[in-house]
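Letter by letter, the chains look like this.
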Amino acid sequence: MSDKILNRFDPEYQPAKLYEGYKSTILRAPSKPLVVIKQSLSELTGPIFGDMNIKPLDHDLTKNSVKNGEPMGERMVVHGKVINEKGQPIPHTLIEIWQANAAGRYVHKVDKHDAPLDPNFVGAGRCMTDAEGNYHFYTIKPGAYPWGNHPNAWRPNHIHLSLFGPNITTRLVTQMYFEGDPLLAYDPIFKSVSPKAREFMLAKFDMERTEPFYALAYRFDIILKGPNATPFESL
Amino acid sequence: MPQTPSQTVGPFFAYGLCPEQYAYDFTDLVDNQLVDPTTHPDPIMVVGKIYDGNNETIPDAMVELWQNDGEHKLFGRFGTGTDPENRFIFHTIKPKSVHGQAPFINVILFMRGQLIHSYTRLYFEDEGELNATDEVLNQVPEGRRKTLIAKKQGSVYELDIYMQGDRETVFFDL
Ligand SMILES: [Fe+2]
């Protein structure tokens, strides 16, 4: 729990609510300005998850739903550090993970993409950061998939990540993309943020962390909102 | 320093974030019972629907509730895709007033079509006096305050959320 006043979401790095290239925002983005309020006890705290919430294979998506063999696809370890805007590590915080399988198909019942399901891969997991804010999880590289936003629209390879941080104002749901993916240039969701912000959603190939004969490695650091340097002026 | 940009939760979050509610083969971390209604002396239900700019119910949103009145810290999560009417449904208790402010529950909304989540609050209709003097409610233009106040029927509090339009819910910058 933190009793510090936290920064607001930074419009230089965060998407606007309405981004017409991503069509679903048109009827779902709030249209009126947000009301800025002083953070109270409830906003300055949030749910705390501990290791007891995590099962031993939750951080290994290649093993946590095996039925009769290994999942298909390119095995990889994703690792990084969760920090705040001041560069301070965020220890013991929860990361929830979900993604498509190697063929670009989600287990979700609504996903009608004509690509195979993998009986040995659900694509859901979770992990906690350690005392220094470091995390890692094992998975399969997700495939690209088509969607209906515009003609011949494809989502780049991505992994969905959900984080809490110290309190509910640091809540973040994001997507991790892969450096060099040619589909990024055509994806309105990726392009909904400013060009300088986009690089903070790109995982970088990390040769040093690859595991010989086992897994490729990608590094993805996550930066949550941090404490405000100046005291919050009373409204 | 930058902030990692937010991106939409998308349409396929259920098996990762609310797996048991949607009957997927993965365990839930959290559900819609902030308290167990069968054992708690004063449980309430919080229900509502979420409407888009065409006044259609949104069937693929995820709602999180957080409340902390200094005594009870409670968190819950529910998707709008399993109830036949696409309602969100929570079992919780009414928080107490803190520092003379009206009791409220923080509500966080995620959905396809939202690039970043939305924060709102749920206040209680039967707290008229405290609502009238509440610092945050008084910051909200008078005509829009009712978008935050849940209607009471017995132990059920109902609050519909409108993303856009004349009845657009007040959302907060936290
Ligand atoms: Fe996705």
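Since this is a predicted model, take the numbers as computed values, not measurements.

## Here we look at the overall build of chain B
So, point 1. Helix and strand counts for chain B come out as three helices and 11 strands.
So, point 2. Along its sequence from the N terminus, chain B presents helices and strands in the succession α-β-β-β-β-β-β-β-α-α-β-β-β-β.
So, point 3. Computed over the C-alpha atoms, the radius of gyration of chain B is 16 Å, within 12% of the 16 Å expected from 2.2 N^0.38 for a compact globule of 174 residues.
So, point 4. With the C-alpha coordinates aligned to their principal axes, the bounding extent of chain B is approximately 45 × 40 × 40 Å.
So, point 5. Sequence-distant contacts in chain B: of pairs separated by 6 or more residues, those separated by 24 or more amount to 65%.

## Digging into the overall build of chain A
So, point 1. Within chain A, the regular secondary structure consists of two helices and 12 strands.
So, point 2. Over its C-alpha trace chain A gives a radius of gyration of 19 Å, about what one expects of a compact globule, namely 18 Å for 235 residues.
So, point 3. Put simply, chain A has 235 residues, and 43% of those count as buried.
So, point 4. At a minimum sequence separation of 6, the contacts of chain A that also span at least 24 residues come to 72%.

## Focus on the pairing of strand E4 (residues 124–128) of chain A
Residues and elements named next belong to chain A.
So, point 1. Summarising burial for E4: four of the five residues are buried, a large majority.
So, point 2. Sheet analysis places strand E3 (residues 94–99) next to E4, joined by five bridges and oriented antiparallel. Following the sheet pairing, Leu94 is matched in E4 by Met128.

## Some details on the confidence of the model for chain B
If pLDDT is low for a region, its predicted coordinates should not be looked at in detail.
So, point 1. When pLDDT is averaged along chain B, the result is 97, and 100% of the positions lie at 70 or above.
So, point 2. Two summary scores accompany this predicted model of the complex, namely pTM at 0.96 and ipTM at 0.96.

## Let's talk about the nonpolar core
So, point 1. The biggest cluster of nonpolar side chains holds 97 residues, and the ones touching the most others in it are A:Leu163, B:Met62, B:Leu65, B:Leu109, B:Leu122 and B:Tyr123.
So, point 2. No other element matches strand E6 (residues 104–111) of chain B, which puts seven residues into this core.

## Quick look at the interface of chain B and chain A
So, point 1. Taken together, the contacts link 56 residues of chain B with 66 residues of chain A.
So, point 2. Put simply, the parts of the chain that give the side of chain B that touches chain A at least two residues each are helix H1 (14–17), strand E3 (61–68), strand E4 (73–79), E6, helix H3 (135–139) and strand E11 (172–173) of chain B.
So, point 3. Tallied by class, the residues present in the side of chain B that touches chain A amount to 29 nonpolar, 21 polar and six charged.
So, point 4. Direction of pairing for strand E1 (residues 35–36) of chain A relative to E11(B): parallel, over a ladder of two bridges. Counted as the bridge partner of A:Val35 is B:Phe172 from E11(B).

## Points about the environment of A:His108
So, point 1. Mapped onto the fold, A:His108 is located in the loop between E3 and E4.
So, point 2. By C-beta crowding, A:His108 is classed as buried, having 21 other C-beta atoms within 10 Å.
So, point 3. Residues A:His108 and A:Thr169, 61 residues apart in the sequence, show an inter-C-alpha distance of 29 Å.
So, point 4. In this view, A:His108 contacts B:Phe12, B:Ala14 and B:Tyr15; residues no more than four positions away in its chain are not counted.

## Some remarks on the pairing of E4(B)
Look at any regular strand and the pattern is simple: side chains alternate between the two faces of the sheet.
Residue and element names in this part refer to chain B.
So, point 1. Summarising burial for E4: five of the seven residues are buried, a large majority.
So, point 2. In the sheet, E3 pairs with E4 via seven bridges, with the strands oriented antiparallel. Within E4, the residue paired with Asn68 across the bridge is Lys73.
So, point 3. Joining the antiparallel neighbours E3 and E4 is a turn of four residues, in which Gly70 adopts a positive phi near 90 degrees.

Criteria and thresholds
Along each chain, residue indices are assigned from 1 in the same order as the chain's sequence is written. Starting at A for chains and at 1 for ligands, labels are handed out in the order in which the entities are written. Thresholds applied to this predicted model are a pLDDT of at least 70 for local features of residues and 80 or more for the giving and counting of side-chain atom pairs; totals over whole chains, interfaces and linings are not thresholded and use all residues. Working definition: helices are DSSP H or I runs of at least four residues, strands are E runs of at least two. Numbering for both runs from the N terminus. Put simply, the radius of gyration uses C-alpha atoms, and a globule should come to 2.2 Å times the residue count raised to 0.38. Note on contacts: each residue gets a C-beta atom placed from the backbone, and two residues are in contact if those atoms are within 7 Å. Buried, partly exposed and exposed are defined by the number of other C-beta atoms within 10 Å of a residue's own C-beta, namely 20 or more, between the two limits, and 12 or fewer respectively, with C-beta atoms placed from the backbone. Two strands are counted as paired when DSSP detects at least two bridges linking them. pLDDT gives the predictor's per-residue confidence on a scale running from 0 to 100. Put simply, a nonpolar core is buried Ala, Val, Leu, Ile, Met, Phe, Trp, Tyr and Cys residues tied into one set by C-beta atoms within 7 Å. Residue polarity follows a fixed list, in which Ala, Val, Leu, Ile, Met, Phe, Trp, Tyr, Cys and Pro are nonpolar, Asp, Glu, Lys and Arg are charged, and the others, Gly among them, are polar.

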